[in-house]
Amino acid sequence: MSILCRYADGGNWTVSSSSLDKGKCAEYCRLGSAGHAHDSVHFGSAAAMTAVTVAVTEISGWDWLSSAVEARLCNRTAHHVAIRHLSNGPPLTLPPCGEARFHSQDLGTYDCVPWLEARLVVAEPIPAPPSHRGIRLVRFTAVLLILTLLSASFLTYVETVRGRTAEAPWASPALVGIATLLSLGLLIETAVFGYLTRAVDTALNVLMRSFTVLVILLLGVGVPCVLIIAAWDSAKLQTDTNYNATTMLFVQVLVVLLAAVAPAGLYFLFSRQRLDSLRDDFLREVLQLDPNLSTLDEADTKYGRLLDEVYGDPSSNGLRFSLGVPLILCTLLLALGWTLVVLPVSRNYIGDEVFNLLSSTQAQAQLFGFFGAYYFALNMAFRRYLRADLTTKAYSQISVRIIGTVLLVLVVSAIPPFAGAKPDTTTAHVLEVLAFVVGMVPDTGLALISDFLKRRKLFVGTSLQQQHPVTVLEGVSLYDSARLFEEGVESVESLAYANLIELILRTRIPASRLVDLFDQAVLYLHLCQGPQPPEPARSRLRQFGIRTATDFERADRAATARGKSGPLNRILGAHTYDDHPGNQPVPILQVMSDAWHDDEWMPFLREWRRCLEDRFETLTSPAGLRPARHHGVDK
C-alpha cells in the first residue's frame, strides 16, 4: 500500500505503509480530512510539533472515505472497545459485536487506525437504499398484463360460450396483441433489471409449494370422504330425506381437514427470511464460546461452511418435492386418525359392525393414544414455529410417533388386567387415559411392558427404558427432549459428548440453555455410580448452590483463595478408597474436578462463563485483546 506524503511547504515523497508504521512518527498517524480534497493522514514531530499532511492515495477498502457518506464502525470482538478521541474528547465506545453510525468525515476525529489495521474494528459505508423504480415498473407491467388477459378471456367467453356477437369484433384480437406486447416488455424488464433469475427461482418455489399444499388439501378432503362413504350403510342413507347425512358428511370432512392440515399449515406460515440475523447471532454466540477465537472474522472463517450447510440458500426452500414428502405422509396419517375419531359420531348412518369395531376397548385405546400423539405434535410444531426451527424433519418425527404409539398401545392393551376389559368399565377408562400418556411419552409404554415382564420373571436383561435420559437435567422439557432426540441425543452421556456448536446451530435452542445443559451433564456423569441416577449426591450439592461442573470450579477457586478448601470437599463426606488406618481420605469432589478437567467441551464452558464475568471489560488498545486462550483452568 503506497502513501503519498506531502510537506506543508509543498514537498512530497512516497513511502510504503509498512515503512511508515516502523517510523518514529507512526504513533502520531491518524486518518482525517483537514479540509483537503482527499482524506489525509497527519503526523508530526513531538518536539517541533510541525504538522505534516500525508495524502492517502491508495488504502485498500477505505476508498469510500473520500466521499461524504454515512458509515458505520463495527466492533468485531466480544469486548467493549473504547476508541480514543484525538482532541481529548470523550472516547467512542462500541458494545461487544456492536456498531456505531456516523458521517465518514468524522472518522478522522478518532484514533481508529490501529483498530482498523488489527481488524478488530471494521469501517463500512452504509449503502444507499436500492431504487425501487425497476421493481415498480415490473409490477406495473405485470398488473397491466393480468388485466389485459382477463379482459380478453371475458370477451372470448361472451363471443363463443354465450353465443353473443360483440359490438367491436376487433377488441378481442387487439387485447391479445396488447397482452403479447406486455409479455415481451415484462420479459425485457426483468432481464434488464436483473430479476429474471430471481423470478424463475421464485416461480419454481411457488409452484412446488403450491403443488405440496394441493396434495395436502386433497388428502385432507379425499381420505375422510372415501373412508366415511365406505363405512356408511347405504340402506340407512336411503331413509334420509332431510339431507342430514349430507350435513354430517360435510361437518366430519371439515373437522378432519382442519385437524389434519393444522400442523402442516404452520410450516407454510413459517418464514425463513431471518437467516441473516440468525447467522450473525450464531457468530456472536460462538465467539463467546470458542476459546480459540478472538474476532467475528475468525468465527466466520472457522464455522462459515457449517453455517452454509445448515442454513443454505433461503430461496431454495421448497424447490425439491422431496422436502414435501414428510409433510404429505404426516398429513395422511393425521387424516386417517381423525377419520376414525369422527366416524362413531355418525352412528345413525354407519353399519353396526363398523360401530361395534370402533367402540371396542382396544380401538378406543388406540384413538386415545392418537389423541396424545396429536396433542404432542401440535404443541411441538407450534413451539418450533415460534423458535424459527420448523423443518420437515419435525413432521417425520410426528409420523414415527403416531405409528409407534399405535404399536405400543396395541401391546399395552394385551397386558393384564387390560386384556379382555369390556367397554365403559373402569379398567377400560384407565387404559384410555394410559394410552393418551403413551402417545405423549412413549417411554411410558416401554416402562409398563418392562415392568410386566420383570414381575412375571420373563425378562431379566437390560431395562427397555433409556438410562439417564436428558429429562433428568434441570430445564429440559418434553419438547426439548424430543428436539434433541432428532439430533441423536438420547441420554445425558450422549449429550455430554455431542457437538455443542452444531446443536446450537441446528436446534435453535438458546446457547445459554445448551451451555448450561452441557455443564450439568459433565457433573452428572462424574457423580454417577453405575446405572443408578446420582440423586442423593446431586441434591446434596444443590443445597450448596452447586449444580454444574463450572459451579464447583468457581467455588473451589474462591475457597482456595480464602484458604478454606477443606469444608468444600467435605460436602459429600470424607470418603476414601484406602481403608488402612492413618491414610488421608481422598476428597471426592477434588478428584472429580481433576477427572473432568480435560473433558472435550469443558474449555468451551469455561470460556462462556469467563465472557459472562468479563462482559464489562473495555479494551482501550488493540494490544489489550488477549490471544487465543489455552484449555486450562484459570486459577
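For the structure itself, consult the block above.
Residues numbered from 1 in each chain as written. Predicted model: local features only at pLDDT ≥ 70, side-chain atom pairs only at ≥ 80, totals over all residues. Heavy atoms only, no water.

In this section: the environment of R401. Among the secondary structure elements, R401 is positioned in helix α13 (residues 392-412). In this structure R401 comes out as buried when scored by relative accessible area, which is 14%. R401 has contacts with A373, F376, G439, M440, V441, P442 and A482, leaving out every residue within four places of it along the chain. (Helix = DSSP H or I, 4+ residues; strand = E, 2+ residues; numbered from the N terminus. Buried < 20%, exposed > 50% of the residue type's maximum accessible area, 1.4 Å probe, protein only. Contact = heavy atoms within 4.5 Å.)

Let us look at helix α24 (residues 602-613). Over its twelve residues, α24 extends 17 Å from the first C-alpha to the last, a length consistent with the 16 Å expected when each residue adds 1.5 Å. Buried within α24 are the following residues: M602, P603, F604, L605, R606, E607, W608, R609, R610 and C611. (Expected span 1.5 Å × (residues − 1).)

We now examine the nonpolar core. As a rule of thumb, soluble globular proteins bury nonpolar side chains together. In this structure, F282 and L495 are the most contacted members of the largest nonpolar core, which totals 58 residues. Top element by residues in this core is helix α19 (residues 511-527). It accounts for ten residues. Residues in contact with L495, not counting those within four places in the same chain, are V470, L473, V489, L503, L517, F518 and A521. Listed in part, the 37 residues of the second largest apolar core include V215, A260, L390 and A394. (Core = buried A, V, L, I, M, F, W, Y, C linked by side-chain atoms within 4.5 Å.)

Inspection of the secondary structure assignment puts Q366 in helix α12 (residues 361-386). In this structure, Q366 is in contact with V406, V409 and L410, ignoring residues within four places of it in sequence.

The next subject is the sheet that holds strand β6 (residues 70-75). Pairing within the open sheet is antiparallel, and its three strands lie in the order β9-β6-β10. Edge positions in the open sheet fall to β9 (99-103) and β10 (121-125), since each of these has one partner strand only. This sheet shows a mean twist of 25° between the axes of neighbouring strands, independent of strand direction. With five bridges connecting them, β6 and β10 associate as antiparallel partners. Residue pairing in the sheet places A71 in a bridge with P125 of β10. (Pairing = 2+ DSSP bridges. Axes fitted to C-alpha atoms, helices over the stretch in contact; angles between N-to-C directions.)

These results come straight from atomic positions and should not be treated as a statement about function.
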